Amino acid sequence: MIVFVVNCGSSSIKYQLFDMADESVLAKGLLERIGTRGAKLRHSSNSPADGAGEQERTVRAPDHTGGLKLILDVLVDPRSGVLASIDEIDGVGHRVVHGGEAVTASARIDSGLIKVIERNCDLAPLHNPANLAGIKAAMTGIGHAVHVAVFDTAFLATLPPRAHRYAVPTEWYTKHHVRRYGFHGTSHRYVTLAAAKLLGKPADKVNLITVHLGNGCSMTAVAGGAAVDHSMGMTPLEGLVMGTRCGDIDPAVVMYMLSRGLSARDIDDILNKQSGLLGLSELSNDMRDLLKAIQDGNQKAALAVDVFVYRAVKYIGAYYTILPPLDAVVLTGGIGENSVPIRRRICQGLARLGAVADEDRNARTVGGQAGPITADGSPLAVWVVPTNEELMIARDTAEIAAAPGT
Ligand code: ADP
């Protein structure tokens, strides 16, 4: 079965084409700056044609429909394509950010599900409209295939009310849908399943704290394989310190800064795009830049990383207390999978909970490797498990496309 995975942003389409027989990636790429003159396609594939493996070129992509057509043309290019025809695509998996309260799992896209995604545009105004544009373009361009929506929020639908409700007037919830939804759910589900396998436990018996540390950062408390708490909130702004998002702050700060002359739009932009590691360091949102700057004696970079690690450790401590006996803390995302110094500091922070760091394992487990970074017999195990959201989407799509009656 051939599955095409699509992740649409407001001006971008990220894609991967999988052969589900062995879950290999036949091609992948990114089309950026859709709707501008500088639209650019970066594409790589396992095509044997000379020079076809990697390509990067400026293209004409006026909208998502035009952009998708261009990508499909590259996939079936007679010289360098990886498919003989678009008809070979059996399923298309769409990343959709917000499914609201109603959606608890991936599902085949029909007019009813499109309405649900439309209804949730208010809750994810930057993402859901772009996801819908991608769905409509793909349902036109690859009309014969089964289309499946995989929601960022779905894995977090099991959060009990005590974890997902905010202590605000009830009407804010019943009338305005104000609650914690959580995000990054596809990543947390993938690493939960992968960690259960690595730990030799059934997926519905594993107790974990999954920690996604990338540009966006989030943490999930997992009991018996299901999410019971999560750090992101009604929007992805809450919780951990991120590349450019502030994470937890006192909500009164917003009113205070309004009174200091900033507009609501300014504050929204600043808390989402100019805060976090970037805001504290005044240097970069990229952890690698900050670690290098610290070596050069940069104090603001040191503080940014300090706040980042402290917040992550504090959250792990909180989740430790609400979970049944833990099988492991699982680190993932660009920082979790690669940053030896940050992982060392997190393990040091967890020493009181029993984490006994293993420096060799920490140094070895990078670049897509999975494994423990604590010593054998450590009372608290810390593991690195690389995430793969695209593969999770492809697996869900293949399963739904293969189901009887589909
Ligand atoms: P996104 O959330 O955008 O998918 P990633 O998961 O790729 O982002 O994570 C990006 C972060 O991972 C950046 O802060 C980057 O510095 C960090 N990162 C990636 N590789 C390394 C590395 N080798 N050492 C330290 N940090 C790394």
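So, a few notes on the structure that sits alongside this text. Worth saying up front: this structure is predicted, and the values here are computed from it rather than measured. (Residues numbered from 1 in each chain as written. Predicted model: local features only at pLDDT ≥ 70, side-chain atom pairs only at ≥ 80, totals over all residues. Heavy atoms only, no water.)

Right, let's talk about the layout of surface pockets for a bit. Estimates place the volume of the second largest pocket at around 330 Å³. Around the second largest pocket, the lining is made up of 14 residues, and of these Asp-286, Met-287, Arg-288, Gly-334 and Ile-335 lie nearest the centre. When residues of the lining of the second largest pocket are traced back to their parent elements, those giving at least two are helix 10 (287–295) and helix 12 (333–338). Looking at the lining of the second largest pocket, its residues break down into five nonpolar, seven polar and two charged. (1 Å grid on protein atoms, 1.4 Å probe; cavity = no way out; pocket = protein on both sides within 12 Å on 5 of 7 lines; lining within 4 Å. Points joined across faces, edges and corners; volume = space filled by probe spheres on them. Helix = DSSP H or I, 4+ residues; strand = E, 2+ residues; numbered from the N terminus. Nonpolar A, V, L, I, M, F, W, Y, C, P; charged D, E, K, R; others polar.)

On to the state of the cysteines. In this structure the tally under the stated criterion is zero disulfides. With no disulfide of its own, Cys-217 lies 12 Å from the sulfur of Cys-246, the closest cysteine sulfur. Judged by relative accessible area, Cys-217 falls into the buried class, the value being 0%. Of all cysteine sulfurs in the structure, the one in Cys-217 sits closest to Cys-347, which takes part in no disulfide; the separation is 16 Å. (Disulfide = S-S within 2.5 Å. Buried < 20%, exposed > 50% of the residue type's maximum accessible area, 1.4 Å probe, protein only.)

Further remarks concern helix 1 (residues 64–75). Look at helix 1: 16 Å from first C-alpha to last across 12 residues, which is about the 16 Å you get at 1.5 Å a residue. Considered for burial, the residues of helix 1 that qualify are His-64, Gly-67, Leu-68, Leu-70, Ile-71, Leu-72, Val-74 and Leu-75. Of the residues flanking the start of helix 1, the one acting as N-cap is Asp-63, its side-chain oxygen 3.3 Å from the backbone nitrogen of Thr-65. (Expected span 1.5 Å × (residues − 1). Polar contact = N/O pair within 3.5 Å; in protein donor to acceptor, adjacent residues only side chain to side chain.)

This part takes up the site of the ligand. Inspection of the region around the ligand gives Gly-214, Asn-215, Gly-216, Asn-285, Asp-286, Met-287, Arg-288, Gly-333, Gly-334, Ile-335, Asn-338 and Ser-339 as its neighbouring residues. For the ligand, an oxygen atom lies 2.9 Å from a polar atom in the backbone of Asn-215. Within the side chain of Asp-286, a nitrogen or oxygen atom sits 2.3 Å from an oxygen atom of the ligand. Contact with the protein chains removes 65% of the 570 Å² of surface that the ligand exposes when unbound. When each cavity is represented as a set of grid points, the ligand is found to reside in the second largest pocket. (Near = heavy atom within 4 Å. Areas by Shrake-Rupley, 256 points an atom, 1.4 Å probe, with all protein chains shown as cover. Sits in = over half its atoms within 2 Å of the grid points.)

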